[in-house]
Amino acid sequence: MITVVEAWRGLAALIVVWAHWGPPLGWPMGPMGFAFTGVDLFFVLSGFVFAPALLGVTRTSLAPYVVRRMLRIYPAYLVALLIYIGLAWHAGKPLLYVPEHLLMAHMQSREMTFYYNPVFWSLPSEVTFYAFVPIVAWCLIRVGSSYWAALLGLAILIRLWLVLEADGIVQNSAYIALHHLPGLLVEFLLGVWVWTRAQRPLGRRAAVALGLGGVLGWLLLARLFLWLENRPSGPSWIHGQLGLVAAVCFAMVLLSSLQWPQPKPKSWTRVGAYWTGKLSYPLYLLHIAWLAPTQAWVREWGTVLGSAAGGLGLLASCWLLNVAVEDPARAWGRKLSARLTTKTHPR
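Each value, and the rule that gives it
Residues numbered from 1 in each chain as written. Predicted model: local features only at pLDDT ≥ 70, side-chain atom pairs only at ≥ 80, totals over all residues. Heavy atoms only, no water. Phe/Tyr/Trp six-rings, centres within 6.5 Å; stacked < 30°, edge-to-face > 60°. Lys NZ or Arg CZ within 6 Å of the ring centre and 35° of its normal. Buried < 20%, exposed > 50% of the residue type's maximum accessible area, 1.4 Å probe, protein only. Helix = DSSP H or I, 4+ residues; strand = E, 2+ residues; numbered from the N terminus. Arc of directions from axis to C-beta. Contact = heavy atoms within 4.5 Å. Salt bridge = Lys/Arg side-chain N within 4 Å of Asp/Glu carboxyl O.

### Description of the packing of aromatic side chains
Next up, step 1: Taken as a whole and assessed by the stated rule, the structure comprises 21 aromatic pairs.
Next up, step 2: Of the aromatic side chains, those joined through ring pairs into one cluster are Phe43, Phe50, Trp121, Phe129, Tyr130, Phe132 and Phe188.
Next up, step 3: Its end group placed over the ring of Tyr115, Lys93 keeps NZ or CZ at 4.2 Å from the ring centre.

Written out as structure tokens, the structure reads:
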């Protein structure tokens, strides 16, 4: 476990919660109006975690890899999806697009993507990145891992082309691709860049400057985002691309924080990072389900007590999802993966 990465994973989930809970619950926003970019931080972290596999530093057979990845992400997602389907049914909402969501193929239109839970939009992109990793790793093994930088350049060009071609009104294919792997690949590859650069020591002054630059850059982007939001003419195309620049800022801060020494095994810092990372995925999946009851409690008890009650309920449900579904599925995936590896490469 890399403590810093786990801490950032938890922070990313909390930032997304703030983005969705803040306005309806009356929380102070300010720069946190830009907090939806916590999703971009998740993409950068995914690129960092999968960089060794993508660059061929760590190698595994395809079947064990697929088993581990699917049992890591899908069981908890399936439980969360069933919860949201149940909530929709209880509210009298037609149960549309169920097969697409079950197959994680719901990123086809805004309505389909956001129908049950708006945060589900990012998961198909994450899954396609999982599929992308072994393909690119296979190619880089043959041509040289240094060519991944060319892939980053190509991803930037594709992103720019999609921006020019995308039409959010008709939701054409370029618009959908912009919010799927073709458009988001740059953010994953920024995480790969962080991993490659972190293999070499970074001076203390450089690390501090990089971290401060990332934080200040994100705050300036938040200010720009709010200005664009409040313009009489409405947001421009720039508005939709600030997430990419935010991902650059996150990459800078992540690289800077990786220079910090690892805390001691039983220190509160390490334990806190462990649990924030451990609960980050359930927190990401379930927080929208708790928004409506939390709004009711805020109306009855006030912002502080109502938000605290909703937060405690959310954390309890996240812990339950983790211990009852996510952890057992992950352990099963590792066990099954080990068996498949043994069959593929017997001793």
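### Here's the deal with helix H12 (residues 268–278)
Next up, step 1: Every buried residue of H12 is accounted for by Arg270, Ala273, Gly277 and Lys278. End-on, the buried residues of H12 take up no more than an arc of 130°, which puts them together on one face.

### So, the environment of Phe132
Next up, step 1: Looking at where Phe132 falls in the secondary structure, it is placed in helix H6 (residues 123–143).
Next up, step 2: The buried category is assigned to Phe132, whose relative accessible area is 16%.
Next up, step 3: Taking the C-alpha atoms as reference points, Phe132 and Leu221, 89 residues apart in sequence, are found 30 Å from one another.
Next up, step 4: Beyond its immediate stretch of four places on either side in the chain, Phe132 contacts Leu54, Leu151, Leu181 and Leu185.

### Some remarks on the pattern of salt bridges
Next up, step 1: Taken as a whole, this structure holds five salt bridges when the rule is applied.
Next up, step 2: A salt bridge links Arg72 to Glu326; its shortest N-O distance comes to 2.7 Å. Placement of the pair is Arg72 in helix H3 (residues 62–90) and Glu326 in helix H15 (residues 303–344), with a sequence separation of 254 residues.
Next up, step 3: Judged by relative accessible area, which is 17%, Arg72 ranks as buried.
Next up, step 4: By relative accessible area, which is 2% here, Glu326 ends up buried.
Next up, step 5: Here Glu187 and Arg159 are joined by a salt bridge, their closest N and O atoms 3.6 Å apart. Note that Glu187 is positioned in helix H9 (residues 181–198) and Arg159 in helix H7 (residues 148–165), a separation of 28 residues in sequence. Assigned by exposure class, Glu187 and Arg159 land together as buried.
Next up, step 6: Residues participating in the shared-partner salt-bridge network are Arg72, Glu326 and Arg330.

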